[in-house]
Amino acid sequence: MIITLNPEKDDIPQTNSIDQEQALEIFEKICYTRAFEKQVKKSYDTHDIKCPVYLSVGQEAASATISTFFKPDLIFTQHRGHAYYLSFGGDKDKIVDELLGRDSGCNRGRGGSPGVQDLNIGMIGHHGLIGENVPLAVGAAVGDTTKKVLCVFGDGAAEEDYIFTAMAFAQTHKLQVLFVCEDNDLSILTKKHVRRNWELSDALKAIGMPAVDIPDDPELIAKYVNEFKHKLPAFINCRTCRHLWHVGTGQDGTPRIDRLKEYKQKLIQMGSSSYKLQEIEDQKLQEAETLWRRHLERQ
Amino acid sequence: MAQTLGETIKEITRKHLEENNGIILGQCLSAVGWVNNTVPDTKNIIELPMTDVAGAGIAAGAAITGRRPIFVIRFQDFMFLNSSTLVNYAAKAKQIFNVNVPVFIRALATEGNGTGPVHSGVLHGIFMHMPGFKVCSPMTPGEYKEVWSEFMKSDGPMYVSEHRKSFNQIEEIPDITTTDAEITIYGISTSRFSIVQAIEMLKNEGIKCNFVNILWLKPLKLTERMTEPLLKTGMGLIVDTDFEIAGASQSIAYELMKKTKKYVEALGAMDKSVGTAKRYENGTPSPEKIVAKVKELIEIRKQSNTQ
C-alpha cells in the first residue's frame, strides 16, 4: 500500500498504533533527547564544547518512535544524529566526552557531533558529507543480507545525486533497509521549494518502493514503521521542524511547531495524567543536567 | 604451466569469492570479456548499475560487514566519480571511527588505440596524496600475490593501479645492478617494461644502468634495495606511467633525494590531455624517451663535473 498524506493540510488520523506503555516510552525518549540537547546548547554557549554541534531540538520524535518499534542491526545516520544515538541506547558518557573532545569520547574526540557512533548498538558514525551514509547503508545491507539496516538522512541529502541510485539499488536487490528522511524543509536556511519541485517519496513510489510522506507524529510514524519493517526496503519521509540553526545553537524566531508539546497534549487528551507527563519531563531534564555536570566537573 | 598475471588475478578472485565469502562489485563484470578475463564466472558477483558515485559507497558499506570487497573500476579516469566515499569514508574510517573498511580497488588502465581523454589515465598519484590508502602497482603474477596477501591483512582500502598491458605478463621483473652503472632507473607501472628495453638500448651504446622496480608506492619503504644502487651511481631517474607533475615519480624522487642526498629526476606522462588520434597519445614513456632522458642527465653531470 502506498499512501501520501499532505502534512500541511491533512489532519493527522488516529491510528491506534501505539499502546499506553509504548507512548510513554516514546515521550520519555523525546524528553530526554530535548533535555540532553539543551545541555549541549548550554555547554556550547559557555565554550566548554569547542566543536560545531548539530542539534536535534524539535526533531526528536522520529528517532524516539522508530527506536521503539524497529530494532535494526546497523544504523547509519547523518550529521544530526544525537537523537538516534540516545534513543537507540548509545553510551551517554561517551557522547558527552566526544562533544567535549576527549579521548574517552565515542570516537576519541575525532568525530565530534556529526560522527557520534556506538558500535554496541550497531550505529556507524557519519563523516559529515551529506548523504554518503545512504550508499554505505545499502552496501552494508548487500554485504550481509541477514541484517536489518536503518538509514537516516535529511531533505538536503535527498537531493544528492547518489542517493536515489543507491536506494534504487536497494529496491532492485530487495535489501533490508528502512530509509528515513527527516524533512525539516531546510537546507541550512534555504527552503525546499526553492531547491526542487519534487518529493523523494513520489520518485521512490515510481520504482515500486513502499514510500510515505507524513508529519513526525509518533502514531503515524509507528503505523508505517510497523507496516514497512516487514516489506523492506521502504521509505518514510518524515516532516519535522528544526528549532535551532543548522549548526550551532542559534534560533530564528518561534518554531512552527513543537512536537514535544503537541505529543504531550495528545497524550493528555487520550487519558494520560498531565502530572505524570510533567514529572517525566522534569526527571529527564534532571538526568541530563546531572550527566553533563558530572562530566564538566571532571574537566 | 606458468600463469599470466590475468590468470593469477582470476584465480585469486575465484578463491576469494568461493572460499572466503568475499564479494566483487563493479559495472559490466559478467560481460564483454569479464574484465579482460580476470573475473571468474562464480558466486558473490554483484553487478552494479551505472552508479559511478554510489557504487563506491556500496562497496565500502559491504566492507564494513567484513566481506573484503574487490571493487573493479574498468578505467582509472572513472575514479574521479568513484572516489568520494573511498577517500572520505573508507580511507578515514579506521583513524576516525575505528571501523575497518578494507576495499581492494582494482583500478584498471589502458592506453593507445584511441582510448582518448577519459579512458587512458593512470591516477595512482592522487591516491598516494590522500591519507589512509595503501597504493601499489603490480605488474607480475608474484607481485599481485604479494599485494593480495597484504590486502587480506589490511584494515583499510588499497588502491591497486593495474594496467591491461601487463595482463599477459608471466615472468617476474628482476632488479638490475651492474658495476660501473652510471645511473639508477626506478620504474613504476608499465614504465618498467619500457625501462627494460631502454636499458638494453643504452647498453648497446655503452651506458650501463641499474634498474629498481617499485611495487609499493604507499607506504613507500626506502630499503637498501632502493637506496644502495643510487648511492653507488650518484644519480637517479624515476619513470612512471602516471602524470609526472605532482605525481608518484616526483614525490618518490624527492623522498630518495632526501634520504640519499643524491640527485634524482622524474619522468612521467606529460601535463596535457590525451586526444584520440595517435599523435595526441600521452602514455607510458617510451624506451626512446627514457634513453634520451638518461643521456641528458649523464651529459648534465659531465658538464657540471668539468666546470
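Here's a quick rundown of the structure. These numbers were taken from a predicted model, which means no experiment stands behind them. (Residues numbered from 1 in each chain as written. Chains lettered and ligands numbered in written order. Predicted model: local features only at pLDDT ≥ 70, side-chain atom pairs only at ≥ 80, totals over all residues. Heavy atoms only, no water.)

## Some words on the overall build of chain A
Right, so step 1: Regarding its fold elements, chain A presents 11 helices and 9 strands.
Right, so step 2: In terms of overall size, chain A behaves like a compact globule, its C-alpha atoms giving a radius of gyration of 18 Å where 299 residues would be expected to give roughly 19 Å.
Right, so step 3: Along the first, second and third principal axes, the C-alpha set of chain A runs to 55 × 45 × 40 Å.
Right, so step 4: A burial count over chain A gives 61% of its 299 residues as buried.
Right, so step 5: Considering only residue pairs separated by 6 or more positions, chain A has 76% of its internal contacts joining residues 24 or more positions apart.
Right, so step 6: Per element, the accessible surface of chain A, about 12000 Å² overall, is 50% carbon and sulfur. (Helix = DSSP H or I, 4+ residues; strand = E, 2+ residues; numbered from the N terminus. Rg over C-alpha atoms; globule rule 2.2 N^0.38 Å. Buried < 20%, exposed > 50% of the residue type's maximum accessible area, 1.4 Å probe, protein only. Contact = heavy atoms within 4.5 Å. Areas by Shrake-Rupley, 256 points an atom, 1.4 Å probe, with all protein chains shown as cover.)

## What about the interface of chain B and chain A?
Right, so step 1: Taken together, the contact between chain B and chain A spans 25 residues of the former and 28 residues of the latter.
Right, so step 2: When residues of chain B are sorted by the area they lose upon contact with chain A, I58, I96 and F97 of chain B head the list and together hold 27% of the total.
Right, so step 3: In this assembly, chain B and chain A are joined by 0 salt bridges.
Right, so step 4: Connecting chain B to chain A are 8 residue pairs in polar contact (both at pLDDT 80 or more).
Right, so step 5: Those elements that place two or more of their residues in the side of chain B that touches chain A are β2 (45-47), α3 (54-64), α5 (84-90) and α6 (93-97) of chain B.
Right, so step 6: Looking at the side of chain B that touches chain A element by element, the count peaks at 7 residues for α3 of chain B.
Right, so step 7: When the residues that make up the side of chain B that touches chain A are grouped by side-chain class, the tally is 13 nonpolar, 9 polar and 3 charged. (Buried area = accessible area lost by both parts, 1.4 Å probe. Salt bridge = Lys/Arg side-chain N within 4 Å of Asp/Glu carboxyl O. Polar contact = N/O pair within 3.5 Å; in protein donor to acceptor, adjacent residues only side chain to side chain. Nonpolar A, V, L, I, M, F, W, Y, C, P; charged D, E, K, R; others polar.)

## Here's the deal with helix α9 (residues 191-204) of chain B
Residue and element names in this part refer to chain B.
Right, so step 1: If you check α9, its first and last C-alpha atoms are 20 Å apart, about what 14 residues at 1.5 Å a residue would give, namely 20 Å.
Right, so step 2: Those residues of α9 that fall on the buried side of the exposure criterion are S191, R192, F193, S194, I195, A198, I199 and L202.
Right, so step 3: The inward-facing, buried residues of α9 abut α8 (141-151), β7 (183-188), β8 (209-214), β10 (235-243) and α12 (287-306). (Expected span 1.5 Å × (residues − 1).)

## Let's talk about the sheet that holds β7 of chain B
Residues and elements named next belong to chain B.
Right, so step 1: Ordered by their spatial adjacency, 4 strands build an open sheet running β8-β7-β10-β11, and the pairing between neighbours is parallel. The open sheet has two edge strands with one neighbour each: β8 and β11 (263-269). Averaged over neighbouring strand pairs, the angle between their axes works out to 20 degrees when direction is ignored.
Right, so step 2: Two strands pair when backbone bridges link them, and β7 and β8 are joined in this way by 6 bridges, in the parallel orientation. Paired with G187 across the bridge in β8 is N213.
Right, so step 3: Lying on the sheet, α9 is in contact with β7, β8 and β10; it crosses β8 at an angle near 170 degrees.
Right, so step 4: Strand contacts of helix α10 (residues 224-233): β7, β8, β10 and β11, with the helix running at about 160 degrees to β8, the strand carrying the most contacts. (Pairing = 2+ DSSP bridges. Axes fitted to C-alpha atoms, helices over the stretch in contact; angles between N-to-C directions.)

## Topic: the pairing of strand β6 (residues 158-161) of chain B
All names here are of chain B.
Right, so step 1: Neither face of β6 is exposed, since M158 and V160 on one face and Y159 and S161 on the opposite face are all buried.
Right, so step 2: Bridge analysis of strand β4 (residues 104-107) against β6 gives 4 bridges, and the strand direction is parallel. Residue pairing in the sheet places I105 in a bridge with Y159 of β6.
Right, so step 3: Both strand β5 (residues 134-136) and β6 contribute to a ladder of 3 bridges, which runs parallel. Looking across to β6, one finds that V135 is bridged to Y159.
Right, so step 4: You can see the chain leave β5, run along α8 and come back into β6, and the turn it takes is right-handed. (Right-handed = clockwise from strand over helix to strand, strands pointing away.)

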